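A closer look at the structure
Letter by letter, the chains look like this.
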Amino acid sequence: MTAKRSIYITTPIYYVNDTPHIGHAYTTLACDALARFHRLDGHDVLFLTGTDEHGQKVEKSAAKTGLDPLAFCDKVSANFRELTRAMKFSNDDFIRTTEERHVRSVTALWTKLVERGAIYLGSYAGWYAVRDEAFYAEDETTLNDAGQRIGPTGAPVEWVEEPSYFFKLSAFKDRLLELYAKHPEFVRPETRYNEVVSFVKSGLRDLSVSRTSFTWGIPVPGDPKHVMYVWLDALTNYVSALGYPDTQNAQFRKFWPATAQLMGKDILRFHAVYWPAFLMAADIDVPRQIFAHGWWTREGQKISKSLGNVIDPFELVAKYGLDAVRYFLLREVPLGQDGDFSHQAIVLRMNADLANAFGNLAQRTLSLIQKNAAGAVPKPGARTADDDALLANAHALLPAMRTSIDTCAPHAALSQFMALVYDANKYVDVQAPWALAKTHPARGHTVLWVLAEVVRHLAILAQPFMPDAGAKMLEQLAIASDARDFTRLTPEYAMRPGIALNKPEGVFPRYVDQPPAR
Ligand code: MSP
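To keep things clear, this report deals only with the structure shown in the data block. Sequence order as written defines the numbering, with residues in each chain counted from 1. Residues qualify for local features only when their pLDDT is at least 70, as the model is predicted, and side-chain atom pairs are given and counted only at 80 or more; totals for whole chains, interfaces and linings, by contrast, use all residues. Think of the side-chain values as coming from all heavy atoms in the structure, minus any hydrogens and water.

Let's shift gears to the overall build of the protein. Strands here mean DSSP runs of E at least two residues long; helices mean DSSP runs of H or I at least four residues long; both are numbered from the N terminus. Per the secondary structure count, the protein includes 18 helices and 18 strands. In terms of overall size, the protein behaves like a compact globule, its C-alpha atoms giving a radius of gyration of 26 Å where 518 residues would be expected to give roughly 24 Å. Viewed in the frame of its principal axes, the protein has a C-alpha envelope of about 90 × 60 × 40 Å. Counting over 518 residues, the protein shows a buried share of 56%. Two residues form a contact once any of their heavy atoms are found within 4.5 Å. When contacts within the protein are restricted to residue pairs at least 6 apart in sequence, long-range pairs at least 24 apart make up 76% of them. Taken as a whole, the protein presents about 21,700 Å² of accessible surface, with 52% of it coming from carbon and sulfur. Each charge class in the protein was averaged separately, 56 positive and 58 negative side chains, and the resulting centres sit 5 Å apart. Atoms counted for the radius of gyration: C-alpha only. Globule rule: 2.2 Å times the number of residues to the power 0.38. Partly exposed residues are those whose accessible area sits between 20% and 50% of the maximum for their type, while under 20% is buried and over 50% is exposed, using a 1.4 Å probe and protein chains only. For the area figures, the Shrake-Rupley method with a 1.4 Å probe applies, and any residue is considered shielded solely by the protein chains shown. Positive charges come from Lys and Arg alone, negative charges from Asp and Glu alone, with His and the N- and C-terminal ends not counted. Taken as the charge centre is NZ of Lys, CZ of Arg, CG of Asp or CD of Glu, depending on the residue.

What follows is the structure, encoded as structure tokens:
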């Protein structure tokens, strides 16, 4: 057991200009696996996701559909909520920036920044990319083949000249550098940390934080011709969900500063530079960790609506099943690196790792118990060194996976998990319990008991990643629903001889491609 902690995990809030694709599902999935793991490990967890609904980009998308912006936001935001259901995300809250609680919070933050002298009125003249909702310096832009000026992400930029409030970002350079130096874990992985440090070292310009050329946003208090810059509005969601400005309420005190804020590397700068600067200026603690993961690509190109190469998560789940999709996305690529998406890769993972290895182990164990032990947990006799070695590996799995989860490495946790699956399958092959049933039935029972106990460990530890499969396996093992958390991963709660097991059923189907239509 580790001491009980309060853990706050957040995803970015997604723009509602877009229907959700696999990239959006990925960040929330990674957060979900962490959140579920920590809950089962006995911690108090708050897991937040939501939608980013203001700004020029959303206003333009709404205009194209002919809907008023809020009606448009309601519609698209509902798709993101639908995704949380389809992927079984266990978020505790879902925030929308058009909600009253959020508007109140952002308005209070702005007022605080003004009081602290961090905001001043000036005028902005420069390049702006609506697609990125980002300002770019002239030297960050280039001309593309069509002669169009684009930002570093390839998004077209337009010249903007208007009165604007500014946030004194330049004044935070030293404090930010001090934060990074004192807390290298503030930005992870390390390569991203290095990028952020060198960006800040190269100097920070004050940030334009209001716009006057459109209206879809939160009005600046006292100067409603201006709406707030959508990033200042959006980043505040992480504290508005906790009831900011009421920093004394139980929720805020318990969960702020956030434990891990995850996002794609595309929006690292907003989270690792602007966000802590806003917080410092408002006298709020900074989060403990900003973790930027990589991109899912297709043929090397980032999956995104603007490139037209999206993968629909709803379709994937319908085709391969939820657990296989979740497992694939989490296991295939280390969080932090880019990964190229392919259907072959999913099929390979689901057949090799899930159907042939993990599924087969559970299925063999449970059917042999049906056949050779009358469907009840057999009584173990004296254990051999091989039995003890396998059980020791099972007992070592939770602490190993915990270390991986604590460093936001679900792929590593799953690779440790699979290592036990492979060990256990090897053990079955070597011990050959089907043969022992005929020659040494008592020994055969010991082997089956060891296997059932190992499968119990695996099923409990599978839950954060593959919630349906974990639950089905635990059902077959007749483990009560209140006996499935990680405190049960000790010999004290080992499989009790004599308990009748439920009918074994395959949990992981093999994926067989439909023959092409003639
Ligand atoms: N609204 C802002 C975030 C505000 S947070 C205060 C935004 N929204 S977004 O809809 O564009 O979502 C971007 C995020 O979606 C990325 O940071 C990442 O988490 C996820 N992904 C979008 N495409 C992705 C891939 N191709 N691959 C992996 N993740 C991707 O930015």
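Now that the structure has been shown, the text picks up again.
To continue, consider the site of the ligand. Every one of the 25 residues lining the ligand counts as a neighbour, but I13, T27, D52, W296 and I303 are closest to it. Within the side chain of D52, one N or O atom sits 2.7 Å away from a nitrogen atom of the ligand. Polar contact is the term for a pair of N or O atoms within 3.5 Å; when the atoms are in protein, one must be able to donate a hydrogen and the other to accept it, and sequence-neighboring residues count only if both atoms are side-chain atoms. A distance of 2.9 Å is found between a nitrogen atom of the ligand and a backbone nitrogen or oxygen belonging to W296. Relative to its free-state accessible area of 670 Å², the ligand is covered by the protein chains to the extent of 95%. Listing elements by their share of the shell around the ligand, those giving two or more residues are β1 (6–15), α1 (22–40), α7 (230–235), α8 (237–240) and β14 (260–264). Here the shell around the ligand gets four residues from one element, more than from any other, and that element is β1. Charged means Asp, Glu, Lys or Arg here, nonpolar means Ala, Val, Leu, Ile, Met, Phe, Trp, Tyr, Cys or Pro, and polar covers whatever is left, Gly included. Its residues assigned to classes, the shell around the ligand comprises 13 nonpolar, nine polar and three charged. Any residue with a heavy atom lying within 4 Å of a molecule or strand is counted as near it.

The next thing to look at is the nonpolar core. Counting 98 residues, the largest nonpolar core has F417 and F465 as its most contacted members. At 13 residues, the largest contribution of residues to this core is made by helix α17 (residues 441–462). The set of buried Ala, Val, Leu, Ile, Met, Phe, Trp, Tyr and Cys residues whose side-chain atoms join them within 4.5 Å is what this entry labels a nonpolar core. If you look at the next biggest cluster of nonpolar residues, it comprises 77 residues, including Y8, L113, L179 and M263.

Orientation is described by lines fitted to C-alpha atoms, with helices fitted over the stretch in contact, and by angles between N-to-C directions that extend from 0 to 180 degrees. Remark: helix α5 (residues 173–182) packs on helix α6 (residues 190–201), axes separated minimally by 10 Å, with the N-to-C direction vectors making an angle of 155°. Taken together, the axes of α5 and α6 lie roughly antiparallel to each other. Where α5 crosses over α6, the handedness of that crossing is left-handed. Seen from α5, the contacting residues are K173, L176, L177, Y180 and A181; seen from α6, they are Y193, V196, V197, V200 and K201. For the contact of α5 with α6, the residue count by class is eight nonpolar, no polar and two charged. Should an angle fall under 35 degrees it is called roughly parallel, over 145 degrees roughly antiparallel, and 65 to 115 degrees roughly perpendicular, with every other angle called oblique. Two helices crossing with the near one rotated counterclockwise from the far one by less than a right angle form a left-handed crossing, whereas a clockwise rotation gives a right-handed crossing.

Attention now goes to the sheet that holds strand β4 (residues 119–129). If you walk across this open sheet you meet the four strands as β5-β4-β8-β10, and the pairing is antiparallel. Each having just a single partner strand, β5 (134–136) and β10 (207–208) make up the two edges of the open sheet. Where β4 meets strand β8 (residues 158–167), 10 bridges bridge the pair, whose relative direction is antiparallel. In the sheet register, G126 faces β8, and the bridge partner there is V160. Taken strand by strand, helix α10 (residues 268–281) contacts β5, β8 and β10, and its axis lies near 35° from that of β8. Two strands qualify as a pair provided that DSSP identifies no fewer than 2 bridges between them.

With that settled, consider the pairing of β14. Along a regular strand, successive side chains alternate from one face of the sheet to the other. The buried fraction of β14 amounts to five of the five residues, a majority that puts the element mostly inside the structure. Both faces of β14 are covered, namely the face carrying A260, L262 and G264 and the face carrying Q261 and M263. Relative to β14, β1 runs parallel, the two sharing two bridges. In the sheet register, I9 faces β14, and the bridge partner there is A260. Note that β14 and strand β15 (residues 290–293) share four bridges and pair parallel. Note that in β15 the partner of L262 across the bridge is F291. The handedness of the β14 to β15 crossover, carried by α10, is right-handed. Assignment of crossover handedness uses the view with strands pointing away from the viewer, where a clockwise path from the first strand over the helix to the second indicates a right-handed crossover.

Mapped onto the secondary structure, V273 falls in helix α10. Spatially, the C-alpha atom of V273 lies 24 Å from that of H226, the residues being 47 residues apart in sequence. Not counting residues within four places of it along the chain, the set of residues in contact with V273 comprises L176, Y180, V196, F199, V200, L204 and L268.

So, about the side chain of D233. Inspection of the secondary structure assignment puts D233 in helix α7. Basic side-chain nitrogens of Lys or Arg form a salt bridge, by our definition, when they fall within 4 Å of a carboxyl oxygen of Asp or Glu. Although D233 lies buried, it forms no salt bridge, and the closest oppositely charged side chain, R96, sits 11 Å away as judged by the N-O distance. Excluding anything up to four places from it in sequence, D233 contacts H54, T97, H102, V106 and I218.

A full pass over the atoms with the stated rule returns 30 salt bridges. Here E53 ties to R96 by a salt bridge, and the two come within 2.7 Å at their closest N and O atoms. Of the two residues, E53 sits in the loop between β2 (44–52) and α2 (56–65) while R96 sits in strand β3 (residues 93–96), which places them 43 residues apart along the sequence. Considered together, E53 and R96 belong to a single accessibility category, that of buried residues. Its salt-bridge partner being R383, residue D388 comes within 2.8 Å of it at the nearest N-O pair.

Put simply, a disulfide is two cysteine sulfurs that come within 2.5 Å. Inspection of the entire model under this criterion finds zero disulfides. You can see C31 has no disulfide; the closest cysteine sulfur is in C408, sitting 8.0 Å from it. C31 sits in the buried class, given a relative accessible area of 0%.

By themselves, these observations are geometric and do not establish any function.
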